[in-house]
Every structure is written in structure tokens, then in C-alpha cells.
Amino acid sequence: MTDLYQSQCAMRRMRKQAMDRGVIAILDVGTSKIACLVLRFDGTDRFRGADGVGSLAGQSSFRVIGAATTRSRGVRFGEIDAMNETERAIRTAVQAAQKMANVRVDHVIACLSGAAPRSYGLDGSVVLEDSMVSEQDIARALASCEMPDIGEGREVLHAQPVNFALDHRSGLNDPRGQIGNRLSVDMHLLSAEASALRNLLYCIKRCDLELAGVASSAYVSGISSLVEDEQELGAACVDLGGGTTGLSIFIKKHMIYADSVRLGGDHVTQDISKGLQVPLAVAERIKTFHGGVVATGMDDREMIEVGGDTGDYEHDRRSFSRAELIGIMRPRVEEILEDVRARLDAAGFEHLPSQQIVLTGGGSQIPGLDGLASRILGQQVRLGRPLRVQGLPQAATGPAFASAVGLCLFAAHPQDEWWDFDIPVERYPARSLKRAVRWFRDNW
Amino acid sequence: MRQVSAPRRDPAPSRWSYRLHRLWLTPLFRVLLRTGLPAFCLVFAVGVWMSDQGRRDDLRATVLELRRSIQERPEFMVRLMAVEGASAELDGDIREIVPVDFPISSFDLDLEEMRQTITGLDAVKSAQLRIRPGGILSVEITERTPAIIWRGPSGLELLDGEGHRVGPLTGRAARPDLPVIAGQGADLHVAQALELVAAARPIAHRIRGLERMGERRWDVVLDRGQRILLPEDDPVPALERVIALDGAEDMLTRDLLAVDMRNSARPTLRLAPRAVEEYRRLQLIEAGATNG
């Protein structure tokens, strides 16, 4: 646990360094594409007006000065499969983004889409030492949460305090300085497979970059695609990616659940490839140009030519109707959405006051998906696009970049996590200097 | 048959090209490469070239020659010296002590040093040197005007109003218009002497000169061996008193040896020995007359 605390604190320090330098890169390693954005921070408070304006997630304090996307290689289900290939792809993206930004970036914030995230809700409570809540009390309350058994070979990705309660009052955002007797805290802990995380770290290190933070892609696409009232009232964000479909549930501006389904757009492509007997590249092209999930009478007449270079005339000159294509795609998309439904049910999504579902990610661009999704997921479904960020190229504003944009916001304003608070005094090593300082401060 | 085609080019940069690109984007490295490296190359090349003694000498010779050729252009040449405001004698002196071989480049003339030399001449009060267009070295001299003759340890010398030596004098007769002073330290108080001379204008035809006594006060020496002994302080009013007495009672035409004004409260007359005898005789007559 201390290891985790220290490694996460080291990442925070890296982030601080990068902020001081003013340039940071964000890296979205996905199954279908790798996106790299270079952000420049020009002073945190330059554009901050009144408090009401400040809630634009602070996105006015940075601008995107470099953006590059490359086809992902060596990634399956959001996890790194062939390390060298992935490393090359990351190098391509980073170099192109650096070239566009014309600055060298050393710090990178990455996100992880696969790695089987698992959510845990923790709670802990302490009796206050004196009646006012101090930072130390919060630290002790966080430390009193019982660590669940997250399993062998798994690591904590996020550990966010989502709710503080002081005696009978719950729903406090910041209990510091308030008067009470008993402080209790609810924490959301997200764990991920350590091996996937370690592979990503290794790849980034091989590219001479320093990791300044890591986030779950379901979480960051939720940050960028859900609007403020959705985050406040309760909503789920479904990020239909290439290899995985991430989903995250937000309420009161905190993520309370995240999960991922190991199915995505690549499976749809594979189905097309198998069903029509075309190469994967052609299948991908057909999917993006002609894909859909709701067949109409018109689609029977719309014929799609399939090229080919086998030399067999019959094979190369085939054509099929769009209805057939939809017939191949729809079951797979339904399967994905049903899996998402199952995960949402397991998380108890129906108990939330508002049950808005936002579809984002590259897969959400399939025509007619919202109709299909509302049939499976519920009535309140909308297609979401990520927030607009200053300086982002037009090509990178689509829903496929939800997690990249979310990472930008995450880089600018990370949420308080467990490791942003002090270690409670009792946990310091016995001879620590901090402990001595603390003792002096308490006694004089 | 299967077509053999080249595999698709890998768009990924190699590790080394990636690192070089990042290195190139490092600001310090860029500055070093863009300014540091050329500067170093330049300094290094110049250093290598200059390390040979022969080349250094060649370079120096070339530079000197180039400099010479510019300095000796006709625009910069000085052909003659014009001395203004000097008597013929002083003119000759100046030309003697400033040995310049005309024509000469104006870069080789050290005007300040020449000015010092010329000002070093006794007869020169101040000098202005400049090079006039047309290659003329113009020397403008302000001469000292002799105001007084000093009979010093090395003979007669002419002094100006400030006591500065102007030149030697062959004989008193050469400048009968100037007053004479004598005595040790007289040349240091020329101004006072001139004041006294001016004050003594009514008896100017009788004055032989002024003598500094004991380096502290003046004696006015008149003909017939008469002297007026003046006090150390305020000699001019004392002299004026004597002149006033002379004007009233023709004092100085009498047989006096000296008028001693050193104590202003008690001016004293020293009579000549014969006058004393005469005075005694007259007193005796006066007494005899009373006697019988």
C-alpha cells in the first residue's frame, strides 16, 4: 500500500514538474488508434473570471498545440499485446505531435482502456480528535477504509473519495474546518490488472518519456462527454472503442463505477470480414462508409462493390446489398449493448435518480445506433461528443477522441485521489523527520 | 503465382531518429548547434591559421601597409606650419623646438604634445594648434607681454604681469619703459610691484626701481640714493602718503636718505650726514643766537 502511495505521489510530482515547464503530452493508447496531444499550459489563472466561469473544468488554461493520431499496432482489447509494435506506434504518434507542436515533451499522461477494471466501494469512519475536521482527520478517515481484496496481480488505478459525511450530514464535498464528532468517507476504488499497466509503463519508458499520471479511459471519456448536469444528477457514459467498450457511472460529479466489456468495433469488423470474406482493411472501410444497424427497404437496393486482388474475377467482382451488411453488424452491436446493459444492471444503475446514458467513442458513429441503444439500454440515450478544447484540430473533435480530450481535462484538473492527502501520522515510519515536525507543531 | 511486392513502409521512426528528433527539439541543444557550433568553428579555424608565426607577421605587415596607405593619402597630409600671433624671434624659436619634417600625415602629428612643448617656451602664454583644411598646421600663439624687468641672480630678465619669465634682457637701456625690480623673491610679487609702480606715477621720473627686502617688503629706490621703506602690509597707501607729503612739502627733494614708512604710526626720516651736521649747526646758531 505504501508502494502504491509513493509511486502515485511520484506521478503527481512529475505532473507538477510538467506544469512548471508548461508542456505535457497526453497519450491515448487504444485498440484501433493511438492519439497523442501536446498541451501547453499558460498560467493557471490567466482566464479565470468569476467562480461561475471557473467551472469550465479549467480548460481555458491550456491549449492543444500538437495533435497526432496513428493506427494502433500490437494492442488487443485495450491491452498491449506486442510490445515492440506498440512502442513504434507510440513513437510515431509522439514524434508527429512533437513536430506539430515544435516542442519537446518529456511528461506524458496515459490512459488504459482494457485491463479489466473493477470497482469497489469503500467506506471508513473515524472519531475526530478535536471537534473541527482537519486534514489529518480526513487522512485518518481515508486510511480507516478497509482495503478490499483486489486479487493477485492487480493494482489500484483510482481511489477517489466521493462523499464525506459528518455525523448525520452526508454529501459533503469538503468537510475541512467543519464541526462534528464523527467523520466518515465513501471511497471509490478502481483496480486494474497490474501486468497491463506495467506493459504500458514499460512502453512509455522505452520512448524516453516520463509518466505523469495514468487514468482509466472509461473515466476520462465520461469527464469529456457528460455535460455538467449529467455528471451531477447521475449518468452513464458508454465508450464504444475498438477493442473494448468502457462504461463509467457518474453522480455528484464523481465516478462511482467503471467497467469495461471486452467487445468493440474491431469485432464488428471481424464479423464483416468473415461474413463477406474480405480482408480486414476492406471490412473496416465498408463498415465506416456503409455501416448501419437499422435496415430499411432502401438498403436492399443499395449495392456495395467489394474490390479484391485475388485474380479470380468472380471473387473480385462481388457485390452485396447494404441490408446484408446491416444484418451482419446488428447482432454484434446488440451483443455489445446487451453486455453493457448487464454491467449497468449489476452496478445498480436503475437506482440512480437520473438514468441518462451517453454513447461516445468511435463506435457511436454507426448510423442508427441511438435507436438501437434506446431499445436496449433505456429511453434516455444520447450520442455524446467530447467537450470542445482550445486548439484541438477539427479532425480530433469526433467522438472517437472522447478519452483523449478527457485526458486533457484530467491533466488540467485531476480529481483529488487518496494519495493527494497526507499519510496519517500514525503511519509514518517511527524515526521520520515529518513525525518530529508534526509533534513540534502540535505541542507548540 | 503470388505477386511479390515490397512490404509497406513502416511509418514509425526508428529509435535513433526518434531520439535525434527529440534532441533537436531541445532548446539548449538548438542554441548550441545554431550559434555555439559555428562560433566554435570560426574561433578554431582562426586559431589554427594564426598559430603560425610567419602568417601572423604577414598579417601584421599587411595591416600596417594598409594603414600607412590610408594615412598617407593627400587628404591627410600636412605640408606647412603657420604660426600666428608670434614675433619673428618667437616664430623662429617655435620652428626650432617643433621639428616636423613636412609633408607629414596628420595621423603622425601629436598635437597635444606639440602644444605642451610650445607652451613650455617662456614667451608663450598659450598656444592653440589645429590642422586647417588644405594641409596647414596652424599654431595660434598668445605671447606673454613683458611688464617688468627683474634684476635676478642671472642678470636682467623680462617678466610678465604674473611674474612669469618672458626672456632675458641684454641691458637696462634696451627697455627704458619698464620698471625694474630687484632682490630675492621679487619675481614672486610682480603684481604688487606693478601696483606700487602705478601708485608712484607722480614721482616716476625719480624712481630707479623697487627692491624686495628680506623677501617680505618693498623699498622704492629713488635717484640720489634715496629710499622709501614701505611696510609689509598695505604698501600702496603708505607710498601714497609719501607722495602726498612730497607734493605738499617737496619732501623728497630735500637731503634725505630714507623715508621709513614701516611703522605707519610713526613715519621716520633719515637725513643725510651733511644735512644732520647742517641741522646741528643751525640748532647751534639758534642756540648761539640765544647765547649771544
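A brief look at the structure comes next.

### Overview of the packing of aromatic side chains
In the structure shown here, the tally under the stated rule is six aromatic pairs over all chains. Seen from their ring centres, A:Phe41 and A:Phe62 are 5.7 Å apart, and the 50 degrees between their planes marks the pair as tilted. Of this pair, A:Phe41 sits in strand E2 (residues 33-41) while A:Phe62 sits in strand E3 (residues 62-71), and the two are 21 residues apart along the sequence. Residue classification places A:Phe41 among the buried residues on the basis of a relative accessible area of 11%. Here B:Phe40 and B:Phe44 contribute two aromatic rings whose centre-to-centre distance is 5.8 Å and whose plane-to-plane angle is 20 degrees, an arrangement assigned as stacked. Taken together, the residues B:Phe40 and B:Phe44, both in helix H2 (residues 27-50) and four residues apart, mark about one turn of the helix. Summarising the burial analysis for this pair, B:Phe40 and B:Phe44 share the class exposed. Within the aromatic cluster, the residues linked to one another by ring pairs are A:Tyr219, A:Phe250 and A:Phe410. Sitting over the ring of B:Trp16, B:Arg19 keeps its end group 5.5 Å from the ring centre.

### Points about the nonpolar core
Residue and element names in this part refer to chain A. Counting 74 residues, the largest nonpolar core has Ile26, Leu27, Leu37 and Leu39 as its most contacted members. Among the elements that make up this core, the one with the highest residue count is helix H14 (residues 402-412) (eight residues). Sequence-distant contacts of Leu27, that is, excluding residues within four places in its chain, are made with Ile34, Ala35, Cys36, Ile90, Val94, Val108, Ile109, Ala110, Cys111, Ile204 and Leu407.

### Examining the interface of chain B and chain A
Chain B puts 15 residues into the contact, and the matching count from chain A is 18 residues. Surface buried jointly by chain B and chain A totals about 1,500 Å² across both partners, of which 43% is contributed by carbon and sulfur atoms. Summed over the three residues of chain B that lose the most area to chain A, namely B:Arg15, B:Tyr18 and B:Arg22, the buried surface amounts to 44% of that side. Counting across the interface, chain B meets chain A through three salt bridges. For B:Arg19, the salt bridge is made with A:Asp208, and the minimal N-O distance between the two is 3.0 Å. The interface formed by chain B and chain A contains ten residue pairs in polar contact (both at pLDDT 80 or more). Considering each element in turn, the side of chain B that touches chain A owes the most residues, seven residues, to helix H1 (residues 15-24) of chain B. A per-class count over the side of chain B that touches chain A returns six nonpolar, four polar and five charged.

Conventions used here
Residues numbered from 1 in each chain as written. Chains lettered and ligands numbered in written order. Predicted model: local features only at pLDDT ≥ 70, side-chain atom pairs only at ≥ 80, totals over all residues. Heavy atoms only, no water. Phe/Tyr/Trp six-rings, centres within 6.5 Å; stacked < 30°, edge-to-face > 60°. Helix = DSSP H or I, 4+ residues; strand = E, 2+ residues; numbered from the N terminus. Buried < 20%, exposed > 50% of the residue type's maximum accessible area, 1.4 Å probe, protein only. Lys NZ or Arg CZ within 6 Å of the ring centre and 35° of its normal. Core = buried A, V, L, I, M, F, W, Y, C linked by side-chain atoms within 4.5 Å. Contact = heavy atoms within 4.5 Å. Buried area = accessible area lost by both parts, 1.4 Å probe. Salt bridge = Lys/Arg side-chain N within 4 Å of Asp/Glu carboxyl O. Polar contact = N/O pair within 3.5 Å; in protein donor to acceptor, adjacent residues only side chain to side chain. Nonpolar A, V, L, I, M, F, W, Y, C, P; charged D, E, K, R; others polar.

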